[in-house]
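# Understanding the architecture of this molecule
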Amino acid sequence: MQRLELRALALVPPGHGRCAIWVLRSRRSTEVPMNVLDLFSGIGGFSLGLERAGMRTVAFCEIDPFCRKVLAKHWPSVPCHEDVRTLDGRAMAVDVICGGFPCQDVSISNVTGTGLDGARSGLWFEYARIIGEIRPRFVIVENVAELLNRGMGRVLGTLAHLGYDAEWRVLRGLDVGLPFIRERVWIIAQPKCAGRERRFQYLGSLGIQATPSAERRHQAIRARAELEAYCHSLRADDGLSVTMERRRIHGLGNAVVPQIPEAIGRAIMSLNR
Ligand SMILES: C[S@@+](CC[C@H](N)C(=O)[O-])C[C@H]1O[C@@H](n2cnc3c(N)ncnc32)[C@H](O)[C@@H]1O
C-alpha cells in the first residue's frame, strides 16, 4: 500500500518571507507489521507489548505446559515450539527475535549461581544459535540486572561474534509507573553496518525517565500502599490467592512488564519508517 506524505524540505531564507517549501512524496506504508519470534515466551509479556506497538508474533517457543496453555488461549493461531534446543530457525522469516532467557543461574538470589555456565541461563547460547540461523533485523533481550555482573560480557561477545552491535539500558517497573521496582536490563541488537559504527538510538528514545535511586524504594512502598488503600475502599482483593493461584503467580512473576517492550516496539517502528 502506498501513502502520501507531506514533508517540509527547507525554510525560505529571511527576506523572502518565512514560508516553508513543502513537497508531496509517496512512500510505502509502514503498516506492514514486523514479524516476531518470541523465545522463552512464558505467558507472552513480550508479545503483548510488541503487538500493541504494531508488530505481529508469528511463533512462540515455551517449554512449560501451563504457560503454553496461556499462549494457546490468547494466540490460538500462533504456533508454539516446545523446546529452544530443538528449534530450527533456518526456514523462519522473522524481523525481530525477542526473549528473556532463564535467569536462575544469573539471579542475585542464587549466591552460588554459575551464570551462563549454568544449565538454565546457559540456554542463552541456544538463543544465540537461533539468531545466527535467522539473522533478524532486531534482537531484543531482557534479563535480571545482575546479568551486568554475571555474563553481560559474554552475551555482548556472542552477539558481536554473530555480527551484531548492541545497546543496553536498565529499566524498572517503577519507571513506567508500576508499584514495584523490578529492575531489568534490556538489550537491543542489530546487524553491524559495514565499515562504520551503528549509531544507537532506540533505548534512549523511549520517553521513559529513570526513577532517581534515592526515590526508588520510597516510591515503590508508596505506590503499593496506594494500591492497597484503593482495593480496600472498593472492598476488592489486592492480589491473587497464593495457594489457589500458584501457577499464575509464577507466570506473572517471570513475565516482562509489557509496557517496556511496547515502548521499545514503538521506538523501532517509528525510527524505521
Ligand atoms: C524469564 S521466563 C520468560 C517470561 C516471558 N518473557 C514473559 O513475559 O512471560 C523464561 C521462560 O523460559 C522457559 N524455558 C525454560 N527452558 C526452556 C526451553 N528449553 N525451551 C523453551 N522455553 C524454556 C521457562 O518455562 C520460562 O517460562
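My aim in this report is to walk through the structure given alongside it, one point at a time.

Reading guide: rules and limits
Residues numbered from 1 in each chain as written. Predicted model: local features only at pLDDT ≥ 70, side-chain atom pairs only at ≥ 80, totals over all residues. Buried ≥ 20, exposed ≤ 12 C-beta atoms within 10 Å, placed from the backbone. Helix = DSSP H or I, 4+ residues; strand = E, 2+ residues; numbered from the N terminus. Contact = placed C-beta atoms within 7 Å. Pairing = 2+ DSSP bridges. Axes fitted to C-alpha atoms, helices over the stretch in contact; angles between N-to-C directions. Parallel < 35°, antiparallel > 145°, perpendicular 65-115°, else oblique. Left-handed = near helix turned anticlockwise from the far one by under 90°. Nonpolar A, V, L, I, M, F, W, Y, C, P; charged D, E, K, R; others polar. Near = placed C-beta within 6 Å. Core = buried A, V, L, I, M, F, W, Y, C linked by C-beta atoms within 7 Å. Right-handed = clockwise from strand over helix to strand, strands pointing away.

## Section: helix α1 (residues 45–52)
- Most of α1 is tucked away, with six of its eight residues classed as buried.
- Residues of α1 that are buried sit in contact with β3 (35–39), β4 (56–61), β6 (96–99) and α7 (259–271).
- Looking one or two residues beyond α1, the residue adopting positive phi is G54, at roughly 105 degrees.

## Some details on the environment of A160
- Here A160 lies in helix α4 (residues 152–161).
- In this structure A160 comes out as partly exposed when scored by C-beta crowding, with 13 C-beta atoms within 10 Å.
- Along the backbone, A160 and P191 are 31 residues apart, and their C-alpha atoms lie at a distance of 8.9 Å.

## Comments concerning the sheet that holds β6
- The mixed open sheet is built from seven strands, whose spatial order is β5-β4-β3-β6-β7-β9-β8. Of all strands in the sheet, those with a lone pairing partner are β5 (80–81) and β8 (164–171), marking the two edges.
- Here eight bridges tie β8 to strand β9 (residues 184–191), and the two strands are oriented antiparallel to one another. What sits directly across from L171, in β9, is R184.
- Against the sheet, α4 contacts β7 (138–144), β8 and β9, and its axis sits at roughly 150 degrees relative to β8.

## Brief notes about the packing of α1 against α7
- With their axes 7 Å apart at the nearest point, α1 and α7 run at an angle of 40 degrees to one another. By the criterion of interaxial angle, the relationship of α1 to α7 is oblique. For α1 against α7, the interelement crossing comes out right-handed. Contacts between α1 and α7 involve F46, G49, L50 and R52 from the first element and Q259, I260, P261, E262 and G265 from the second.
- Looking at the contact of α1 with α7 residue by residue, the class counts come to four nonpolar, three polar and two charged.

## Some points on the site of the ligand
- In the vicinity of the ligand lie 22 residues, with F40, G42, G45, D64 and A255 positioned nearest.
- When its residues are assigned to classes, the shell around the ligand shows twelve nonpolar, six polar and four charged.

## Describing the nonpolar core
- By size, the foremost hydrophobic cluster in this structure holds 54 residues, and its most contacted members are V96, I97, Y127 and I264.
- Among the elements that take part in this core, helix α3 (residues 124–134) stands out by supplying six residues, more than any other.
- Once you skip the residues sitting within four places of it in the chain, I97 turns out to touch L37, L39, I130, I131, I134, P136 and V139.

## Focus on the pairing of β4
- Across five bridges, the pairing between β3 and β4 is parallel. From the neighbouring strand, N35 faces β4, where its bridge partner is R56.
- Bridge analysis of β4 against β5 gives two bridges, and the strand direction is parallel. By the bridge assignment, F60 is partnered in β5 with C80.
- In the classification by handedness, the crossover that spans β4, the intervening helix α2 (residues 65–74) and the parallel β5 is right-handed.

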